[in-house]
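Here is how the chains run, residue by residue.
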Amino acid sequence: MTSVSRPLPRLVPAEAFADVPADRLLAVLEAVTMVLTLPHRAAERVDALVVATGQGEDWRLTDAIRSWETGPALRHLLVANTDSAERTYRPLTLDRLRGLGLRRVDGVVLQAEPVTGTGRQAAWIVEQVRTLGIGSVALVVSPYHLVRVYLTVLRACDDAGLRIPMVPLPVAVAPDAPVPETGAAGYDLVAGEVSRLLRYPGQGWIATPERLRDYLRWLWSEHHPLLTGA
């Protein structure tokens, strides 16, 4: 996996996409549509909930904890740490999660050390999935960031020779709610995510459109009951 030469900005103006070929924008739209419309109810039937923290968004944690506490069939809650350089960073501890409503601690696994970048969160997630024998996961992330997390974890799984069902579970947060780290709203951050979805496949950080299509074909053919409950 290659490194990104420099961080991309969180806020990207619309004119930054003026010269992007239509087929590349269409590939991003395809990925966003097909990932976000995977059945969210399937999260009730997975082995583990996975949270990628960041940007001071405690709502990622509170949403995951709520699902965890009301889903006794869930075996694991994996919480990936974030960058300690963030202004809103706080250590990831069980005490902090208890303050957000956590009561059931058996099966909760926290990434102890801070990490930089979604790719390093994904590598830790894949390591835990393999170590704990987890068979399926739901990714709990804010809507604007969810597709990139999904594609990053998918790429990490592919690189590790691991294939498991993954379903998206968008956090219930208003799209105009200010993100604590920057004060920007989800609406404002979409363009920056699109910029990353365009660039990161070539840098080895996220699954390519071809890999995503292959994975979704496998997911729907091999795990239809998980997705639909049928």
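Residues numbered from 1 in each chain as written. Predicted model: local features only at pLDDT ≥ 70, side-chain atom pairs only at ≥ 80, totals over all residues. Heavy atoms only, no water.

A. Geometry of the pairing of strand E5 (residues 166-170). Burial of E5 is extensive: four of the five residues sit out of reach of the surface. Here five bridges tie strand E4 (residues 137-141) to E5, and the two strands are oriented parallel to one another. If you follow leucine 139 over to E5, its bridge partner there is proline 168. Each parallel crossover has a hand, and the one from E4 via helix H5 (residues 143-159) to E5 is right-handed. (Buried < 20%, exposed > 50% of the residue type's maximum accessible area, 1.4 Å probe, protein only. Helix = DSSP H or I, 4+ residues; strand = E, 2+ residues; numbered from the N terminus. Pairing = 2+ DSSP bridges. Right-handed = clockwise from strand over helix to strand, strands pointing away.)

B. Spatial organisation of the confidence of the model for the chain. Model confidence for the chain is summarised by a mean pLDDT of 95, while 97% of its residues fall at 70 or above. Every residue in residues 1-5 scores below 50 in pLDDT, and together they form 10 contacts with partners more than four places removed in sequence or on other chains. (pLDDT = per-residue confidence, 0-100. Contact = heavy atoms within 4.5 Å.)

C. H5, seen in detail. With 17 residues, H5 should reach 24 Å at 1.5 Å per residue; the first-to-last C-alpha distance of 25 Å fits that figure. Of all the 17 residues making up H5, 14 are buried; the element is thus mostly covered by neighbouring parts of the structure. Positive backbone phi, at 70 degrees, marks glycine 161, one or two positions downstream of H5. (Expected span 1.5 Å × (residues − 1).)

D. Inspection of the sheet that holds E4 at higher detail. The strand order across the open sheet formed by five strands is E3-E2-E1-E4-E5, and the pairing between neighbours is parallel. The outermost strands of the open sheet, each flanked by one partner alone, are strand E3 (108-110) and E5. Each neighbouring strand pair of the sheet contributes to a mean axis angle of 20 degrees, computed without reference to strand direction. Bridge count between strand E2 (residues 76-80) and E3: three bridges; the pairing is parallel. Within E3, the residue paired with leucine 77 across the bridge is valine 108. Seen against the sheet, helix H2 (residues 58-69) touches strand E1 (48-52), E2, E3, E4 and E5 and runs at an angle of roughly 175 degrees to E1. (Axes fitted to C-alpha atoms, helices over the stretch in contact; angles between N-to-C directions.)

E. Region of interest: the side chain of glutamate 57. The topology assignment puts glutamate 57 in the loop between E1 and H2. Of note is the side chain of glutamate 57, whose polar atom sits 2.4 Å from the side chain of serine 142. Other than its neighbours up to four places away in sequence, glutamate 57 contacts Ser142, Tyr144, Val179 and Pro180. (Polar contact = N/O pair within 3.5 Å; in protein donor to acceptor, adjacent residues only side chain to side chain.)

F. Region of interest: the packing of aromatic side chains. Taken as a whole, this structure holds two aromatic pairs when the rule is applied. Seen in terms of ring centroids, tyrosine 150 and tyrosine 215 are 6.3 Å apart; in terms of plane orientation they differ by 70 degrees. Their pairing is edge-to-face. With tyrosine 150 in helix H5 and tyrosine 215 in helix H7 (residues 209-222), the pair connects residues that are 65 residues apart, well separated along the chain. When the centroid spacing of 5.5 Å and the interplanar angle of 40 degrees are considered together, the rings of tyrosine 215 and tryptophan 218 count as tilted. Of this pair, tyrosine 215 and tryptophan 218 are both found in helix H7, three residues apart, which corresponds to roughly one turn of the helix. For the pair shown, tyrosine 215 and tryptophan 218 are each scored as buried. Chaining the aromatic ring pairs together yields one cluster made of Tyr150, Tyr215 and Trp218. (Phe/Tyr/Trp six-rings, centres within 6.5 Å; stacked < 30°, edge-to-face > 60°.)

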